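# A closer look at the structure
Chain by chain, the residues run as shown.
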Amino acid sequence: MCGITGWLDWERDMSGQAGVLSRMTETLALRGPDGAGAWTAARIGLGHRRLAVIDVDHGQQPMAAYSPDDGRETAVVTFSGEIHNFRQLRGELAARGHRFRTGTDTEVLLAAYEAWGEDAVTRFAGMFAFALWDVARQKLLLVRDPLGIKPLYYAEHATGVVFGSEPKALLASGQVAAEVDAEGLVDVFTVAAKRPGDAVFSSMREVKPGHLLVFDAGGTRAHRYWQLRSAPHEDDVPTTVARVRELLGRAVAEQTEADVPLGALLSGGIDSSAITALGAGTLAAAGAAPLATYSVDFADSEEEFTADALHVSRDAPFVQAVVGHLGTKHTEVLVEPASLLSVSGTTLAARDVPGVGDLDASLYLLFRDVRRHLTVALSGEGADDAFGGYPWFAGETRQPTDGFPWSAGVQDRNAVLSAQLRQSLDLHERLDNRYREALAEVPRLDGETGTDRRMREVYYLQQTRFLPFLLDRKDRMSMANGLEVRVPFCDHRLVDYVWNVPWEVKRLGGQEKGLLRSAVEDLLPAEVVHRPKSGFPVGKGSAYLDSVREAVSAMIGDPGSPAMDLLDAGTLRAMVDSKDWFNGAFTPPPILPRALQLDDWMRRYGVRVVL
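Remember, it's a predicted structure, so these values are computed and weren't measured experimentally.

### Focus on the packing of helix H2 (residues 86–95) against helix H3 (residues 105–116)
Direction vectors running N to C along H2 and H3 enclose 45°, while the axes themselves pass 10 Å from each other. Judged by the angle between their axes, H2 and H3 are oblique. Both H2 and H3 take part in a crossing whose hand is left-handed. On H3, the residues touching Phe-86, Leu-89, Arg-90, Glu-92 and Leu-93 of H2 are Asp-105, Val-108, Ala-111, Ala-112, Ala-115 and Trp-116. Its residues assigned to classes, the contact of H2 with H3 shows eight nonpolar, no polar and three charged.

### Thoughts on the pairing of strand E14 (residues 262–265)
One ladder, built from three bridges, connects E14 with strand E17 (residues 376–378); its direction is parallel. Within E17, the residue paired with Ala-264 across the bridge is Leu-378. As paired elements, E14 and strand E15 (residues 292–298) share three bridges and run parallel to each other. Bridge pairing links Gly-263 to Ala-292 in E15.

### As for the environment of Leu-365
Residue position: Leu-365 is located in helix H11 (residues 358–370). With a relative accessible area of 7%, Leu-365 lands in the buried category. For Leu-365 and Leu-109, which are 256 residues apart along the polypeptide, the C-alpha to C-alpha distance reads 34 Å. For Leu-365, the contacting residues outside a window of four places in its chain are Val-333, Val-335, Ser-339, Leu-340 and Val-343.

### Topic: helix H5 (residues 182–189)
The periodicity of an α-helix, 3.6 residues per turn, causes residues three or four positions apart to be oriented the same way. Within H5, seven of the eight residues are buried, leaving the element largely enclosed by the surrounding structure. What H5 keeps buried is the set Ala-182, Gly-184, Leu-185, Val-186, Asp-187, Val-188 and Phe-189. Structurally, H5 contributes buried residues whose contacts are with strand E10 (179–180), helix H14 (419–422), helix H15 (427–441), helix H23 (591–604) and strand E19 (608–609). Put simply, Asp-181 is the residue that caps the front of H5, since its side-chain oxygen is 3.2 Å from the backbone nitrogen of Glu-183.

Parameters and conventions
- Chains are numbered independently. Their residues run from 1 in the order of the written sequence.
- Totals for whole chains, interfaces and linings use every residue, but because this is a predicted model, local features are given only for residues with pLDDT of at least 70 and side-chain atom pairs only at 80 or more, for both listing and counting.
- Derived side-chain values reflect all non-hydrogen atoms in the structure, with water molecules and hydrogen atoms excluded from consideration.
- Axis definition: a line fit to C-alpha positions, over the contact stretch in the case of helices; interaxial angles, taken between N-to-C directions, run 0 to 180 degrees.
- Secondary structure follows DSSP: runs of H or I at least 4 residues long count as helices, runs of E at least 2 residues long count as strands, and numbering of each begins at the N terminus.
- Any angle from 65 to 115 degrees is called roughly perpendicular, while one under 35 is roughly parallel, one over 145 is roughly antiparallel, and all others are oblique.
- Put simply, a crossing is left-handed when the front helix is turned counterclockwise from the back one by less than a right angle, and right-handed when it is turned clockwise.
- By the convention used here, residues are in contact when the closest approach between their heavy atoms is within 4.5 Å.
- Polar here means any residue other than Ala, Val, Leu, Ile, Met, Phe, Trp, Tyr, Cys and Pro, which are nonpolar, and Asp, Glu, Lys and Arg, which are charged; Gly is therefore polar.
- Should DSSP find at least two bridges between two strands, the strands are regarded as paired.
- Think of it in three bands: residues with accessible area under 20% of the maximum for their type are buried, residues over 50% are exposed, and the middle band is partly exposed, with areas taken using a 1.4 Å probe on protein chains only.
- Two N or O atoms count as a polar contact when they lie within 3.5 Å, although within protein this holds only if one can serve as hydrogen donor and the other as acceptor, and sequence-adjacent residues are included solely when both atoms are side-chain atoms.

Any functional reading would require information that these geometric values do not contain.
Right under this line is the structure:
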């Protein structure tokens, strides 16, 4: 998975900046606990932290390609992630005469660039972010995978660009200030509305999913190499079901490739259970040991669980049904609710921006325990987004909203803002503008009207606004533990196909994700196949809630709190005194733990608000 960073400067001799490059690289040590590397030339320095997964002994980076004529370096890459179809590409390149020195996908990437140039990226299936320096042409490529599974930030300055897997690497360069403007504050105070390319910090950008950036002496060029394309779906239902099974099966089979311990995250829902079943089958066919699976639950869930809109049932009984059916080697990770607040600073450091409270903390604690046993884990993330699993999908067919569907019903977003901040920031207006921008991007299908037209909009919003929020959370919480989490449902070939499947087919049998359920129903117990969507467990324990209330009360009373310049004390006090701040829904996540992180963030990072 790894962490990458670097600095291109057209007027500075980067060979003299080894100390700065080292500091930038070391900020990403948790992403790559197995080694560090650096490469410098006159105008550029590349840094790398390695999490060894493929060809453990020979995958050190940055990695160079060499001319067969004189042995000179022709290209150098620092690469994060995995190219899941690298074995197929390796075979194609070997047939063209390329000779490989290692068994890594990184070397395949370099060989592919040598053979096909910038078009090579269109052949990659995987989750990746990389920076490639073309020595002969003196140009830098920054590339991100089609769905943006792996992060890549950059900041242009007067004479060049700095970049890295996380904002912390850019901040360590000394070329970027920790400043946030009004649009950045929108991302802090809302969830799943961030525009592609935005990075919260006003001086930074993210490479957009499916994009390639080129920096050379002539300036900066952006190229979109992948996007969703709308077309009539011509397959009948049986063919569609079979095709989904085929595409998902291929994605899982490719993603079980690893030279280190691999397992699966299992919640007992259809998404993770399908991945687990296919992964277990792939390993069994190869004669490997049973697949290791891991689930998370709160220690007090049997006594304190109450159903709500997104948590209809406890996971544990369904997890056990899958484990018994497939014979996986299972471990349940129990989280003490009182421990959630204690790792708030850790999850903030992983994100570099305020997160979503216990939703981050519980995932971090799960990954921390899993990492004791595994280096790679398969996840069901992305299925709800491609197949329509969240409650708001069906809701939009009955009563379409005029905004981001997951935040419908939020009454007053501005109530939590201080009176001073409300004078220059209206969250409702900003979100409405962002919603209109997103709708303008939707790839329309000629003649599509009514429910079909609206559902295409909803799926686009989901894929480009909500899913990136989930993938970002998963990446930061997993990589803070040096754990690689793979997401087969985010294979762009599967997403491409499902995108054009009509709503009524995706909801086959009248149940959410009915198409997916039909595609894998022969692999799983019936009660799991038909289990309704139930979200990731959240912390409701009284000890955790009380600790949050106490910490927020202290923050309100602290005259030195930087966050209180942005927050309304009366609104926060009312929340502390009631249970209204915990609404049992996914969005908006409880504001009180997020307010605590806002305060910690502004102190720790020295954040300056510029309005």
